[in-house]
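# Secondary and tertiary structure notes
Spelled out from the first residue to the last, the chains are:
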4 protein chains.
Amino acid sequence: MINIGVIGYGYWGPNLVRNFSAIADAQVSSVADLDEERLRLVKRRHPSIEVTTDFKALLANSEIDAVAIATPVSSHFGLALEALRAGKHVFIEKPLTQTAEQAEQLIAEADRRGLVLHVDHTFIYTGAVRKMRSLVDDGELGDVYYYDSVRVNLGLFQNDVDVIWDLAVHDLSIMDYVFHSKPTAVSASGMNHIAGNEANLAYLTVFYEDEFIAHLHVNWLAPVKIRRTLVGGSRKMIVYDDLEPSEKIKVYDKGVTLHGTKDNEYSRRIGYRAGDMWAPKLDDAEALHIAADHFARCVITGERSITDGQSGLRVVRLLEAASQSLKERGRPVKLGWKGRGG
Amino acid sequence: MINIGVIGYGYWGPNLVRNFSAIADAQVSSVADLDEERLRLVKRRHPSIEVTTDFKALLANSEIDAVAIATPVSSHFGLALEALRAGKHVFIEKPLTQTAEQAEQLIAEADRRGLVLHVDHTFIYTGAVRKMRSLVDDGELGDVYYYDSVRVNLGLFQNDVDVIWDLAVHDLSIMDYVFHSKPTAVSASGMNHIAGNEANLAYLTVFYEDEFIAHLHVNWLAPVKIRRTLVGGSRKMIVYDDLEPSEKIKVYDKGVTLHGTKDNEYSRRIGYRAGDMWAPKLDDAEALHIAADHFARCVITGERSITDGQSGLRVVRLLEAASQSLKERGRPVKLGWKGRGG
Amino acid sequence: MINIGVIGYGYWGPNLVRNFSAIADAQVSSVADLDEERLRLVKRRHPSIEVTTDFKALLANSEIDAVAIATPVSSHFGLALEALRAGKHVFIEKPLTQTAEQAEQLIAEADRRGLVLHVDHTFIYTGAVRKMRSLVDDGELGDVYYYDSVRVNLGLFQNDVDVIWDLAVHDLSIMDYVFHSKPTAVSASGMNHIAGNEANLAYLTVFYEDEFIAHLHVNWLAPVKIRRTLVGGSRKMIVYDDLEPSEKIKVYDKGVTLHGTKDNEYSRRIGYRAGDMWAPKLDDAEALHIAADHFARCVITGERSITDGQSGLRVVRLLEAASQSLKERGRPVKLGWKGRGG
Amino acid sequence: MINIGVIGYGYWGPNLVRNFSAIADAQVSSVADLDEERLRLVKRRHPSIEVTTDFKALLANSEIDAVAIATPVSSHFGLALEALRAGKHVFIEKPLTQTAEQAEQLIAEADRRGLVLHVDHTFIYTGAVRKMRSLVDDGELGDVYYYDSVRVNLGLFQNDVDVIWDLAVHDLSIMDYVFHSKPTAVSASGMNHIAGNEANLAYLTVFYEDEFIAHLHVNWLAPVKIRRTLVGGSRKMIVYDDLEPSEKIKVYDKGVTLHGTKDNEYSRRIGYRAGDMWAPKLDDAEALHIAADHFARCVITGERSITDGQSGLRVVRLLEAASQSLKERGRPVKLGWKGRGG
């Protein structure tokens, strides 16, 4: 049984408290937030949890094994670094940090101290995304051609990040988890339509070392909510609609076939293939519950988290490159890294 | 009553013959095609129409007032130029030509001879697109923020053009017709997944002189057919779904409102507004019928076509810029023109 | 401020506790349930609420003004009668009772004592149903032709009632509230496919004194969840889809028009009319919150509840007639009452 | 190669001419219609086909092997009887006749003369319905519980039949083909909202000798077009949506399971099961083409048609019972027949 302290009880913090309270191997003993009103809410809901406006008190508490950080992105690096230095395992909201350099520092600090650093890329723990990964790994799709995601709705405008850092971060973590090609460059275009704010609409193209390509449309100013991803492959294709109540993943046995490659006449060369469609039953356990459970096990066993600091770093690198490209109206920005674990 | 000769009786030609035969002011007297099999089909369906494998015979026929050209893009310039030189009015498939320079030459030739040059940007004549234009012109949307279109399906791969020239051309002509901002640059990314072919998937971003931005996703390798466009404005927003049998245009009274601009606290500054949704009744006459009728009237009265050579040229300029950017993985390519009529 | 005691903390009870706790004019002071496990859950969630396994203790408590009853239907009559005799106002789950006679007894008891008897027909308090009523009342639909509802899904099988008493009760209360015609007969067909259970699928037709007709399909064994109602009128028609996240009510300006009534030729007599579709913005406040608030106001002011005992009785009479018809494979069963307030 | 004469060139006749012209083993040599305007249209479209206003001339033509009858229902019996007496095989629109007695007479006449009598229940020849039958026959659904169909839209009001004879006839033929239980009684309710017309909205329940039950909602006055059928079974369930462009049939691995039958506590007895969903690839050949081909083969080989007179008779018997029940507001009307082939 590990003791968790939660820092930040705003929009997401209550979900962390609820889920860490519900798993077998952990309990939430303290919550820190700057806003006393939020702390009173904690006490009403969970009379046994300690509350404080001073997160340092929480870090100083030797009975706390790990902290879960759900604060604005700009505070992530400072809080996580202090927590690691205080010997606490860290579960932190996405994106991990504001810069790749900060992420690397946190990874180094956690590694040096043998502590778990887990980024809350929650989608990785959904049944839908895990199913997509297994379909890709099992070769069901054949060669994977593209990942195309539309993630749009009206609001919520964030005040310290633009729509890419708020919404595209989900897709970048999914892509990092599901596919195995290495991204080489990012092109991003976008626009800010509301005075005094960051970009509220953006398009990202991510290029890979092979013919795989990914594209994201993220938008806080759309009339309807859409969460739909197309994944194209040489053998099969996927439509992943996260708003579908049950059949979130549909696998289409569709594609093209090439005939007579030496034939000059085009019309004889490409055939269209359409077979069954199949919507596999998905594990519908709450993703955050599974993530909390996974984190607790990592703390207890020393196992590495699926969404560790490295995965958080890879995502931040893509976000940084996207921000750079956005400023230059879509000029492709190369990624200098050496890939996974590089 | 004008006499029409149709050149090309492949995929689209039969629609031209059918629609020009159905309008009051025109009749189709001849069809030319290289393929005798296709000509036999013409005779079976329309015993009274003359057929020939030699389009020159058709141009030499002094009883023919106008030609409708439905041949591969690579032949457009040559055929249209000869037709104009033979004194025929020209109705030509989209895109007008393969290069802007060719388009300019055709425009000059038509103007010099006082002939109608009409590009078959059919969508402009649909009830849905005309309604979008009137909503924009009447200020219903307020400031127009973006046009976002997804036009994807499985096939049909074209042999002489890529997916941009085949599918994005529709959106570029719609944008040209509906909006009044001047495009300044294009960024395009894409990929070719089928050996020996042009790009089968592409993303275009079109930048404008103001904060308006447009984006297109076109794809021949998608598991499902999607034809959906979002148009965002400061007052209202549109969802245009061309696959809806009846409510193709939905107008959402949604948006954000700004409060207390000097206030530091972000959460008080942006409010979300959601009102009624409204799907206006659209004229559901066949677009090609209306276009054919419009062309015939232009020939008879000397009126200028809504989709004249200039509109065809503006679209070709965007296509050229997109092709250039595609080669450079999304580098934004500036548009050198001086805008409409420039 | 009135004090509420809640009897029954099973599936629905927690919603009652949460909503009565959230309104301004009431507080929940006690909860009774036979299951001690459920009572421990109450204490964990709401430490200040008293709990008891003996509902009589709750009725004996003079500080409690009103009780909210959320127990199986078979216990409704007994509990409500005792509560009224103990001088408590009563908020009770639907259906009010198992027989019309029981309902009449409760109404008489409440009237004699000047107590509020409110049936929890929650749908009446949704924005969608209130909008339907105002559309009907304002004459927007013209003559109302029919109400057709499909309310199907997989589960939850109930153990003391069949699918009519479980699901059709919602539609019967909506019909009672929205329309003003008097029902005259009911025909019901259905089937029980699972050994040892009540009907899990049923069809009800309700006939009215005029040409209005209503029909319900309720089903616990359907592969998909559907909550869709069509309302036909001479001027406009409604599609009410309760699963739509935002546009639950769509109003279609569609219908037929009659021409030349004396004309023998049918084809000239009926014309089809299709105009705009319109989805009005709905109040999306939680219906149970509004109902709780309404109940508290009725207790305080003596106002009559919109869903009073009489409305509960009218619904039970239809349910009784449906059960009778179901046994006779759809034989229409006449309703003997004298209508509203009769 | 057989020669077909088509009687009636109104709404459906052109489809018969087109499809019988397209199959290998038949050709259309004559068309009869009372309306000379329609006959001129035939000549424009098919110059080689003979036309006549006198169907008797067509029957007298010894070169014609078979007639296809596409006239109003009220004329079916007379025309088909004369055709059979003239020695012609008969392909006839649905419903076969206005009464079961008439149908029996036609069957007897055809049998006596060894002629093919084929009813155009076109849906039987669709890929979707054939797939449903094979799923049922292969036991994929387990015990079949119910067939529930909604077939509604705005128009087209018919002048000689009500909505049951116009629309429910499709479902009755599908049920006859797909399921093997014997219907025992019919209950029908409906309403006529447009003065001087037959019922424009109706509900049919068909009872069977076992626990299978079928229900149809047919409506000419609905704001939206719906063609959706649910089929429930003990092992799997089907949603058949005929308006879906590609996945018309979806098979759900869903249902309930019974545990511990002796257990008193209900909540432990029923479990809900949800597995994969699967949309099989369907044959998308035009149903009428397949039907025409099947008819021609029956004529040539003497094979019995899948939709022979007996199947037409079974459907007419259900229609007659439905009409009777409709008059009595849903009173169940027993079917007196002895079942298939009885």
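Residues numbered from 1 in each chain as written. Chains lettered and ligands numbered in written order. Predicted model: local features only at pLDDT ≥ 70, side-chain atom pairs only at ≥ 80, totals over all residues. Heavy atoms only, no water.

Chain A has the name Gfo/Idh/MocA family oxidoreductase in an unreviewed UniProt entry, where Thioalkalicoccus limnaeus is given as its organism.

## A closer look at the domain arrangement of chain A
Note on interface size: it is often stated as the accessible area lost on association of the parts. Residues and elements named next belong to chain A. With domains assigned, chain A is organised as domain 1 (2–121 + 287–305) and domain 2 (124–284 + 317–334). With centres defined by C-alpha atoms, the gap from domain 1 to domain 2 works out at 30 Å. With 17 residues of domain 1 in contact, the opposing surface of domain 2 contributes 15 residues. Both faces combined, the contact of domain 1 with domain 2 buries some 1,200 Å², and carbon together with sulfur accounts for 62% of it. (Domains from an automatic or database assignment. Contact = heavy atoms within 4.5 Å. Buried area = accessible area lost by both parts, 1.4 Å probe.)

## Points about the interface of chain A and chain B
On the side of chain B, 56 residues touch chain A, which itself brings 57 residues to the contact. Interface area for chain A against chain B, summed over the two sides, is near 4,900 Å², with a carbon-plus-sulfur share of 68%. Our count for the chain A to chain B interface comes out at zero salt bridges. Broken down by secondary-structure element, the contributors of at least two residues to the side of chain A that touches chain B are β7 (144–154), β8 (183–191), β9 (201–208), β10 (213–219), β11 (221–233), β12 (237–241), β13 (249–258) and β14 (270–279) of chain A. Element by element, the count of residues in the side of chain A that touches chain B is highest for β11(A), at seven residues. Grouping the constituent residues of the side of chain A that touches chain B by class yields 31 nonpolar, 17 polar and nine charged. (Salt bridge = Lys/Arg side-chain N within 4 Å of Asp/Glu carboxyl O. Helix = DSSP H or I, 4+ residues; strand = E, 2+ residues; numbered from the N terminus. Nonpolar A, V, L, I, M, F, W, Y, C, P; charged D, E, K, R; others polar.)

## Overview of the UniProt feature "domain: GFO/IDH/MocA-like oxidoreductase" (unreviewed entry) in chain A
Per the UniProt record, "domain: GFO/IDH/MocA-like oxidoreductase" (unreviewed entry) is annotated on residues 129–238 of chain A. From the first C-alpha to the last, residues 129–238 of chain A spans 11 Å; its make-up is 23% helix and 45% strand. (UniProt positions renumbered as here; feature names shortened; annotations may be inferred.)

## What about the pattern of salt bridges?
Applying the stated criterion across every chain yields a total of 65 salt bridges over all chains. Between Arg297(A) and Glu303(A) there is a salt bridge, and its shortest N-O distance comes to 3.3 Å. Take Glu303(A): its relative accessible area is 33%, and that puts it in the partly exposed class. The residue Arg18(B) makes a salt bridge to Glu286(B) at a minimum N-O spacing of 3.2 Å. Here Glu286(B) lies in the loop between β14 (270–279) and α8 (287–301) and Arg18(B) lies in helix α1 (residues 13–22), a separation of 268 residues in the sequence. Among the residues examined, Arg18(B) registers a relative accessible area of 41% and is labelled partly exposed. (Buried < 20%, exposed > 50% of the residue type's maximum accessible area, 1.4 Å probe, protein only.)

## Comments concerning the UniProt feature "domain: Gfo/Idh/MocA-like oxidoreductase N-terminal" (unreviewed entry) in chain A
In this structure's numbering, the residues bearing the UniProt feature "domain: Gfo/Idh/MocA-like oxidoreductase N-terminal" (unreviewed entry) are residues 2–121 of chain A. Along residues 2–121 of chain A, the helical share is 42% and the strand share 24%, with 21 Å between the first and last C-alpha atoms.

## Structural notes on the sheet that holds strand β3 (residues 50–52) of chain D
All names here are of chain D. Read from one edge of the open sheet, six strands run β3-β2-β1-β4-β5-β6, paired in parallel fashion. Only two strands of the sheet have a single neighbouring strand rather than two, namely β3 and β6 (117–120). On average, each strand axis in the sheet is inclined to that of its neighbour by 25°, with strand direction left out of account. The pairing of strand β2 (residues 26–32) with β3 spans three bridges and is parallel. Each bridged residue has a counterpart across the sheet, and for Val31 the counterpart in β3 is Val51. Along the sheet, helix α2 (residues 36–45) makes contact with β2 and β3, crossing β3 at roughly 180°. (Pairing = 2+ DSSP bridges. Axes fitted to C-alpha atoms, helices over the stretch in contact; angles between N-to-C directions.)

## Comments concerning the pairing of strand β2 (residues 26–32) of chain C
Residues and elements named next belong to chain C. Burial within β2 is extensive, with six of its seven residues counted as buried. Summarising the sheet, strand β1 (residues 2–7) and β2 pair through six bridges and their orientation is parallel. Bridged to Ile7 within β2 is Ala32. After leaving β1, the chain enters helix α1 (residues 13–22) and then returns to the sheet as β2, a path that is right-handed. Chirality of the crossover, the property in question, places the unit of β2, helix α2 (residues 36–45) and strand β3 (residues 50–52) among those that are right-handed. (Right-handed = clockwise from strand over helix to strand, strands pointing away.)

## Focus on the pairing of β12(A)
Residue and element names in this part refer to chain A. Counting buried positions over the five residues of β12 gives four, a clear majority of the element. Note: β11 against β12, four bridges, orientation antiparallel. Among the inter-strand pairings, Thr229 is bridged to a residue of β12, identified as Tyr240. Counting the residues in the hairpin turn of β11 and β12 gives three residues.

## A few points about the sheet that holds strand β1 (residues 2–7) of chain B
All names here are of chain B. Taking strand neighbours across the sheet as the criterion, the six strands line up as β3-β2-β1-β4-β5-β6 in an open arrangement whose pairing is parallel. Edge positions in the sheet fall to β3 (50–52) and β6 (117–120), since each has one partner strand and no second. Mean inter-strand twist for the sheet, computed between neighbouring axes without regard to direction, equals 25°. The pairing of β1 with strand β4 (residues 66–69) spans four bridges and is classified as parallel.

## Focus: the relation of the copies chain A and chain B
Its rotation angle being 180°, the transformation that places chain A on chain B also includes 0.0 Å of axial translation and leaves an RMSD of 0.0 Å. Such values leave the two copies arranged in the relation of a two-fold axis. In terms of C-alpha distance to the rotation axis, chain A has Arg331(A) as its closest residue, with the C-alpha 2.2 Å off the axis. Mapped onto chain B, 98% of the interface residues of chain A are again interface residues, and the two copies thus contact each other with one and the same surface. (Least-squares fit on C-alpha atoms with pLDDT ≥ 70 in both.)

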